[in-house]
Amino acid sequence: MGCVENLGYDVLLSMASFKECREYIEKHYTEIYYVDPGFKLFEKRMIGIPPIAIALEGSVVILPYTKPCHGTFLLRVDSEEAAAMIRSKARKKP
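Residues numbered from 1 in each chain as written. Predicted model: local features only at pLDDT ≥ 70, side-chain atom pairs only at ≥ 80, totals over all residues. Heavy atoms only, no water.

### Quick word on the confidence of the model for the protein
Detailed reading of the predicted model is not advised wherever pLDDT is low. Of all residues in the protein, 96% attain a pLDDT of 70 or more, and the chain-wide mean is 91. Ranking the elements of the protein by mean pLDDT puts strand β4 (residues 44-45) last with 88 and strand β2 (residues 32-35) first with 98. (pLDDT = per-residue confidence, 0-100. Helix = DSSP H or I, 4+ residues; strand = E, 2+ residues; numbered from the N terminus.)

Written out as structure tokens, the structure is:
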């Protein structure tokens, strides 16, 4: 994901599990997509336990991000380009 500090993010959850991030997204958002580990977003491949849930609110992307030695965080990042790419390549929640 490039340097996360350059994304202009908000932290929604910190030190969370992949399951907690997925459950939070499924509870709080309606436009939800699923990807597999290795899905490329923000120039980096995502890691996690499949399915990895990503939510969208317009141009805002809500995604789990794992920082080695620091744990997994649920981030909110405004990126029209990333949102459009997710809509075109990821699996939408039925």
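### Observations concerning the state of the cysteines
Counted under the stated rule, the structure contains zero disulfides. Free cysteine Cys21: the closest other cysteine sulfur is in Cys69, separated by 18 Å. The exposure class of Cys69 is exposed, given its relative accessible area of 83%. (Disulfide = S-S within 2.5 Å. Buried < 20%, exposed > 50% of the residue type's maximum accessible area, 1.4 Å probe, protein only.)

### Looking at helix α1 (residues 18-28)
Restricting attention to buried positions, one finds in α1 the residues Cys21, Arg22 and Ile25. All buried residues of α1 project into a common sector of 95 degrees when viewed along the axis, lining one side. Facing away from the buried side of α1 by over 90 degrees, the exposed positions are Lys19 and Lys27. Elements that come into contact with the buried residues of α1 comprise β1 (9-16), β2, β5 (52-57), β6 (60-67) and β7 (71-78). (Arc of directions from axis to C-beta. Contact = heavy atoms within 4.5 Å.)

### Quick notes on the nonpolar core
Counting residues in each nonpolar core, the largest one holds 19 residues, and the members touching the most others are Val35, Leu41, Met46, Ile54, Val61, Leu63 and Ile86. For this core, the secondary structure elements donating two or more residues are β2, β5, β6, β7 and α2 (80-89). Apart from the residues within four sequence positions on either side, Val61 is in contact with Ile54, Ala55, Leu56, Leu75, Arg76, Val77, Ser79, Ala82, Ala83 and Ile86. In terms of nonpolar packing, the next biggest core, distinct from the first, is built from eleven residues, Cys21, Tyr29, Tyr34 and Ile62 among them. (Core = buried A, V, L, I, M, F, W, Y, C linked by side-chain atoms within 4.5 Å.)

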